[in-house]
Amino acid sequence: MKVLKFGGTSVGSAQRMKEVAKLISGDGQNIIVLSAMSGTTNSLVEISDYLYKKNPDGANEIINRLEKKYMDVIKELYTKEEYNEKGLEVVKSHFDYIRSFTKDLFTVFEEKVVLAQGELISTALVNNYMNEQGVKCVLLPALDFMRTDKNSEPDPVYIKDKLAVQLAKYPDAELFITQGFICRNAYGEVDNLQRGGSDYTASLVGAAVNASEIQIWTDIDGMHNNDPRFVENTSPVRQLHFEEAAELAYFGAKILHPTCIVPAKFNNIPVRLLNTMDPTAPGTLICNELVHGKIKAVAAKDGITSIKIKSGRMLLAHGFMRKVFEIFENYQTPVDMVTTSEVGISLTIDNKKNLKEILDSLKKFGTVTVDEEMCIICVVGDLDWENLGFEDDALHALKEIPIRMISYGGSNYNISFLIKASDKKKALQSLSNYLFNK
Ligand code: ADP
Ligand code: ASP
Ligand code: MG
């Protein structure tokens, strides 16, 4: 059994849905994970913002516009009256439901329910289309098996058990379709796996059924060696080790959700990144094999704040590091990069929610300096410390860019540089020019 995930652009129009239908038919009893149609989740976020601000008119305007878009999709998607009717019913019931939230109190709980509608609609429409095509396709409700625990982490045992129960009900099914992104939390409320989280659903489902492969179908031919949104002349990397892909995803390669590699890696399930716009292109295979001695790709993560704590007494002061990190732990703020010297420590965070409180607490240890609007540039490949030359190459490529921090040695797969966000594009372009297009 394989798990195939199709992102928003891949199901972004009636035409695209038909292309997806061709790709998923006749290849065995696989599980298909779908995102919402592209733009839908953003619109649902906008609707929620209006409702938080008690502006139902603003919300209704977007709801009407979005509903109209879906009506047009229905017209184009189905040929037979019966399936057309079913499609219309799906759209009507979900939009009536969304409208019901414009009349009452709107909190974070309602927002989660509104955000879930995009995936619920896309999967129902594609499932209906597959049935129209004569495929025995079964819609599996993700809200019945996809669950997070009290720490908001997915609960793999629950997911595995509940999904097995669902699958066992339909031994004759030719295909299964389910929603990406959405889940229930430990209290049974509707929740989600964060924006872009459908990739994570796919790998959690893949791990739960011990899939032979997890395929992430998107709008580009695999993982490129640099961010194509900012850099010209990027090219696909044909193979990556799990660790390399995890570093790239974590440090900003949008093609993969940051945590999506973890379940696949632990269960040793290969992940293939493929292009719905060009289905025969080879894409990228992510597995346990390492192509040695090469820098493979670079990525950038924005929205970084760096904090430097300088203390005259750090040398020999055991416990200093623990006390500093305890503060970040107390405020549930993950630390990304860390560098140390005899007199101080620099580190970075990407969540500024408790920045003021964190800084107040840190001040008792020494002088604290903060730089906001920073960016981490991450260079990824087989960067084992005994391989010669890659540090020199990366630094050479960045010789025109002021570098605030460098981190290396935390893994064999990455060397990271902290620079100003305003230098990001230039840094990515010069890395491409020097490392990949020389
Ligand atoms: P989906 O909606 O299918 O999940 P995403 O928009 O989340 O698709 O991810 C695909 C996009 O990721 C590409 O269109 C591309 O612009 C962007 N991207 C960023 N970095 C990379 C990279 N290194 N390789 C490929 N795509 C990347
Ligand atoms: N639809 C959700 C989003 O836009 C999840 C996803 O597409 O992965 O973030
Ligand atoms: Mg995505």
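Scroll up to find the structure.
Everything numeric here is computed off the predicted structure, so don't read it as measured data. (Residues numbered from 1 in each chain as written. Chains lettered and ligands numbered in written order. Predicted model: local features only at pLDDT ≥ 70, side-chain atom pairs only at ≥ 80, totals over all residues. Heavy atoms only, no water.)

Enquirer: Is there a simple way to explain the site of ligand 2 in this structure?
Expert: All residues adjacent to ligand 2 are Ser35, Thr41, Glu119, Phe181, Arg195, Gly196, Gly197 and Ser198. Residue Thr41 places a side-chain N or O atom 2.8 Å away from a nitrogen atom belonging to ligand 2. One nitrogen or oxygen atom from the main chain of Gly197 is found 3.4 Å from an oxygen atom belonging to ligand 2. When the free accessible area of ligand 2 is taken as 260 Å², the share hidden by the protein chains comes to 85%. The class makeup of the residues in the shell around ligand 2 is 1 nonpolar, 5 polar and 2 charged. (Near = heavy atom within 4 Å. Polar contact = N/O pair within 3.5 Å; in protein donor to acceptor, adjacent residues only side chain to side chain. Areas by Shrake-Rupley, 256 points an atom, 1.4 Å probe, with all protein chains shown as cover. Nonpolar A, V, L, I, M, F, W, Y, C, P; charged D, E, K, R; others polar.)

Enquirer: Sorry, what's going on with the packing of aromatic side chains here?
Expert: Pairs of aromatic rings are described using the distance from one ring centre to the other and the angle between the two planes. For the coordinates displayed, the defined rule picks out 8 aromatic pairs. Between Tyr70 and Phe95 the ring centres are 5.8 Å apart and the planes differ by 50°, which places this aromatic pair in the tilted class. Residue Tyr70 is found in helix α3 (residues 56-77), and its partner Phe95 is found in helix α4 (residues 81-100); the two are separated by 25 residues along the sequence. Here Tyr78 and Tyr129 contribute two aromatic rings whose centre-to-centre distance is 6.5 Å and whose plane-to-plane angle is 50°, an arrangement assigned as tilted. (Phe/Tyr/Trp six-rings, centres within 6.5 Å; stacked < 30°, edge-to-face > 60°. Helix = DSSP H or I, 4+ residues; strand = E, 2+ residues; numbered from the N terminus.)

Enquirer: Can you help me understand helix α11 (residues 355-362) in this one?
Expert: For an α-helix, 3.6 residues make a turn, and residues three or four places apart therefore share a direction. Of the residues making up α11, those classed as buried are Leu355, Ile358, Leu359, Ser361 and Leu362. Projected down its long axis, α11 carries its buried residues within an arc of 165°, all on one side. Among the structural elements, β11 (295-310), α10 (320-330), β13 (344-349) and β14 (367-381) are those in contact with the buried residues of α11. (Buried < 20%, exposed > 50% of the residue type's maximum accessible area, 1.4 Å probe, protein only. Arc of directions from axis to C-beta. Contact = heavy atoms within 4.5 Å.)

Enquirer: How do you make sense of a nonpolar patch on the surface when you look at a structure like this?
Expert: Together, Tyr52, Val108 and Phe109 make up an exposed nonpolar region whose accessible area comes to about 270 Å². Mapped onto the elements, Val108 comes out in helix α5 (residues 108-132). (Patch = residues over 30% accessible without salt bridge, like charges linked within 9 Å, V, L, I, M, F, W, Y side chains within 5 Å. Salt bridge = Lys/Arg side-chain N within 4 Å of Asp/Glu carboxyl O.)

Enquirer: Teacher, can you tell me more about the site of ligand 1 here?
Expert: As a matter of local geometry, ligand 1 sits amid 16 residues, with Lys5, Thr218, Asp219, His224 and Lys254 nearest to it. Residue Gly8 places a main-chain N or O atom 3.3 Å away from an oxygen atom belonging to ligand 1. Interatomic distance of 3.4 Å between a backbone N/O atom of Ile255 and an oxygen atom of ligand 1. In isolation ligand 1 exposes 570 Å². Once the protein is present, 86% of that is buried. Its residues assigned to classes, the shell around ligand 1 shows 5 nonpolar, 6 polar and 5 charged.

Enquirer: Would you mind showing me how to read the packing of helix α1 (residues 14-24) against α5 here?
Expert: For any two helices packed against each other, the geometry comes down to the angle between their axes and how far apart the axes lie. Relative orientation of the contacting elements α1 and α5 amounts to 60°, with a least axis distance of 10 Å. As the angle between them shows, α1 and α5 are arranged oblique. Note that α1 runs across α5; the crossing there is right-handed. Every residue of α5 that contacts α1 at Met17, Lys18, Ala21 and Ile24 is listed here: Val126, Tyr129 and Met130. Across the contact of α1 with α5, the residue classes break down as 6 nonpolar, no polar and 1 charged. (Axes fitted to C-alpha atoms, helices over the stretch in contact; angles between N-to-C directions. Parallel < 35°, antiparallel > 145°, perpendicular 65-115°, else oblique. Left-handed = near helix turned anticlockwise from the far one by under 90°.)

Enquirer: For this particular structure, what's the right way to read the environment of Ser432?
Expert: Looking at the element boundaries, Ser432 is found in helix α13 (residues 424-436). Assessed through its relative accessible area of 0%, Ser432 is described here as buried. Separated by 201 residues in sequence, Ser432 and Val231 have C-alpha atoms that sit 7.8 Å apart. In this structure Ser432 touches Asn226, Val231 and Asn437, once residues within four positions along its chain are discounted. Within the local environment of Ser432, its side chain forms a polar contact with the side chain of Asn226, the two groups lying 2.9 Å apart.

Enquirer: What is the right way to look at helix α8 (residues 242-250) in this model?
Expert: Among the 9 residues of α8, 7 are classified as buried, and the element is accordingly described as predominantly covered. Taken as a whole, α8 has its buried residues at Phe242, Glu244, Ala245, Ala246, Glu247, Leu248 and Ala249. Positive backbone phi, approximately 115°, marks Gly252, located one or two places after α8.

Enquirer: Please explain the nonpolar core as it appears in this structure.
Expert: One broad trend across soluble globular proteins is that nonpolar side chains are buried collectively. Residues Phe6, Leu125, Met130, Leu256, Val271 and Ile286 are the most contacted members of the largest nonpolar core, which totals 103 residues. Counting residues per element, this core draws most heavily on α5, at 11 residues. Non-local contacts of Phe6, meaning those with residues more than four positions away in its chain, are made with Val11, Val20, Leu23, Ile24, Ile32, Val33, Leu34, Ser35, Trp217 and Thr276. In terms of nonpolar packing, the next biggest core, distinct from the first, is built from 20 residues, Ala397, Ile401, Ile415 and Ala427 among them. (Core = buried A, V, L, I, M, F, W, Y, C linked by side-chain atoms within 4.5 Å.)

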